[in-house]
Amino acid sequence: MGHTYTYRCEHCGYEEHFNQGHGYLVHSQPVTEYLKQRTKLFHYKTHNLVKQLSKKVKNLYLKAGFQVYKCHKCKILYDKIEVIIFNHEKVIHKSEFRCNKCRTRLRLTNIHRLKKATCPKCDHKTFQIDHQHQHLWD
Ligand SMILES: [Zn+2]
Ligand SMILES: [Zn+2]
């Protein structure tokens, strides 16, 4: 289950959708189950890392979901699939992302509290949530 949020720029009209939550294909599961699947859901680097870790450590679990990240320098929002690999509650790996513009490490953002962000198209700080176009998915 998750939410899709629509953001729109008041200046240029640019629109983008952000997902947050867990979907059908992206959910918690044992790493061994994930590796049995034919589809590679994640970036190939993440996939290879999962594979390598599973050779070294037994009983690994994997949790993945859509998260909204923000660059605190540029105030640009990013929608990413966060992957967390853990073993007995201990986090072994967690996704990290960088801003396409300035390469600063992105931080998870609370989309419910976020007011205005920077529009990735026109750079104005007029990128904001459109409350009429939110919906739930599963
Ligand atoms: Zn704009
Ligand atoms: Zn940035």
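Further up the page is the structure itself.
Residues numbered from 1 in each chain as written. Chains lettered and ligands numbered in written order. Predicted model: local features only at pLDDT ≥ 70, side-chain atom pairs only at ≥ 80, totals over all residues. Heavy atoms only, no water.

Novice: How should I be thinking about the overall build of the chain in this particular structure?
Specialist: What the chain contains, in helices and strands, is 2 helices and 10 strands. Overall, the chain shows an N-to-C arrangement of helices and strands of β-β-β-α-α-β-β-β-β-β-β-β. Dimensions along the principal axes, computed over C-alpha positions, put the chain at roughly 50 × 30 × 25 Å. Burial analysis of the chain (138 residues in total) assigns 38% to the buried set. Contacts in the chain between residues far apart in sequence, at least 24 positions, make up 57% of those at least 6 positions apart. Within the structure as shown, the chain displays about 9,100 Å² of accessible surface, and the carbon and sulfur contribution to it stands at 49%. Of note, the chain has its 26 positive side-chain charges centred 10 Å away from the centre of its 11 negative side-chain charges. (Helix = DSSP H or I, 4+ residues; strand = E, 2+ residues; numbered from the N terminus. Buried < 20%, exposed > 50% of the residue type's maximum accessible area, 1.4 Å probe, protein only. Contact = heavy atoms within 4.5 Å. Areas by Shrake-Rupley, 256 points an atom, 1.4 Å probe, with all protein chains shown as cover. Lys, Arg positive; Asp, Glu negative; His and termini not counted. Charge placed at Lys NZ, Arg CZ, Asp CG, Glu CD.)

Novice: Would you take a moment to explain the packing of aromatic side chains for this structure?
Specialist: The description of two aromatic rings rests on the distance between their centres and on the angle between their planes. Throughout the structure, instances matching the rule amount to 6 aromatic pairs. Between Tyr7 and Phe18, the ring centres sit 5.5 Å apart and the planes meet at 90 degrees, which makes this aromatic pair edge-to-face. Remark: Phe18 occurs in strand S2 (residues 15-21) and Tyr7 occurs in strand S1 (residues 2-9); sequence separation between them is 11 residues. Residues Tyr14 and Phe127 carry aromatic rings whose centres are separated by 6.1 Å and whose planes lie at 20 degrees to one another, so their mutual orientation is stacked. (Phe/Tyr/Trp six-rings, centres within 6.5 Å; stacked < 30°, edge-to-face > 60°.)

Novice: Would you explain helix H2 (residues 44-56) in this entry?
Specialist: Between its terminal C-alpha atoms H2 stretches 19 Å, which fits the 18 Å expected from 13 residues at 1.5 Å a residue. Buried within H2 are the following residues: Thr46, His47, Val50 and Leu53. Down the axis of H2, the sector holding all buried residues measures 130 degrees, keeping them to one side. Along H2, exposed side chains directed more than 90 degrees from the buried face belong to Tyr44, Lys45, Lys55 and Lys56. (Expected span 1.5 Å × (residues − 1). Arc of directions from axis to C-beta.)

Novice: Help me understand the pairing of S1, please; the structure alone is not making it clear to me.
Specialist: Among the 8 residues of S1, 6 are classified as buried, and the element is accordingly described as predominantly covered. With 7 bridges connecting them, S1 and S2 associate as antiparallel partners. Among the inter-strand pairings, His3 is bridged to a residue of S2, identified as Gln20. Linking S1 back to S2 in an antiparallel pair, the connection comprises 5 residues, with Gly13 at a positive phi of about 85 degrees. In this structure, S1 lies alongside strand S9 (residues 127-129), joined through 3 bridges in antiparallel fashion. Each residue of the ladder has a partner; that of Arg8, found in S9, is Gln128. (Pairing = 2+ DSSP bridges.)

Novice: Would you explain the coordination of the zinc ion (ligand 1) in this entry?
Specialist: Where a metal carries four tetrahedral donors, each ideal angle is 109.5 degrees; where it carries six octahedral donors, the ideal angles are 90 or 180 degrees. Coordination of the zinc ion (ligand 1) by the protein comes from Cys9 (SG), Cys12 (SG), Cys119 (SG) and Cys122 (SG), over a distance range of 2.2 to 2.3 Å. Here the zinc ion (ligand 1) is ringed by 4 donor atoms whose angles at the metal span 106 to 115 degrees, and the overall shape comes out tetrahedral. The class for Cys9 is buried, based on a relative accessible area of 1%. The exposure class of Cys119 is buried, given its relative accessible area of 0%. (Donors = N, O, S within 2.8 Å, 3.2 Å for Na, K, Ca; no water. Tetrahedral: all angles 85-135°; square planar, octahedral: opposite > 155°, others 65-115°.)

Novice: Is there a simple way to explain the pattern of salt bridges in this structure?
Specialist: Close approach of charged atoms lets side chains of opposite charge pair. Counted by the stated rule, this structure contains 5 salt bridges. We note a salt bridge from Glu33 to Lys36, for which the minimum N-O separation is 3.1 Å. Of the two residues, Glu33 and Lys36 both sit in helix H1 (residues 31-36), 3 residues apart, roughly one turn of that helix. Of the residues examined, Glu33 reaches a relative accessible area of 37% and is grouped as partly exposed. Salt bridges sharing common partners tie together Arg8, Glu15 and Asp130. (Salt bridge = Lys/Arg side-chain N within 4 Å of Asp/Glu carboxyl O.)

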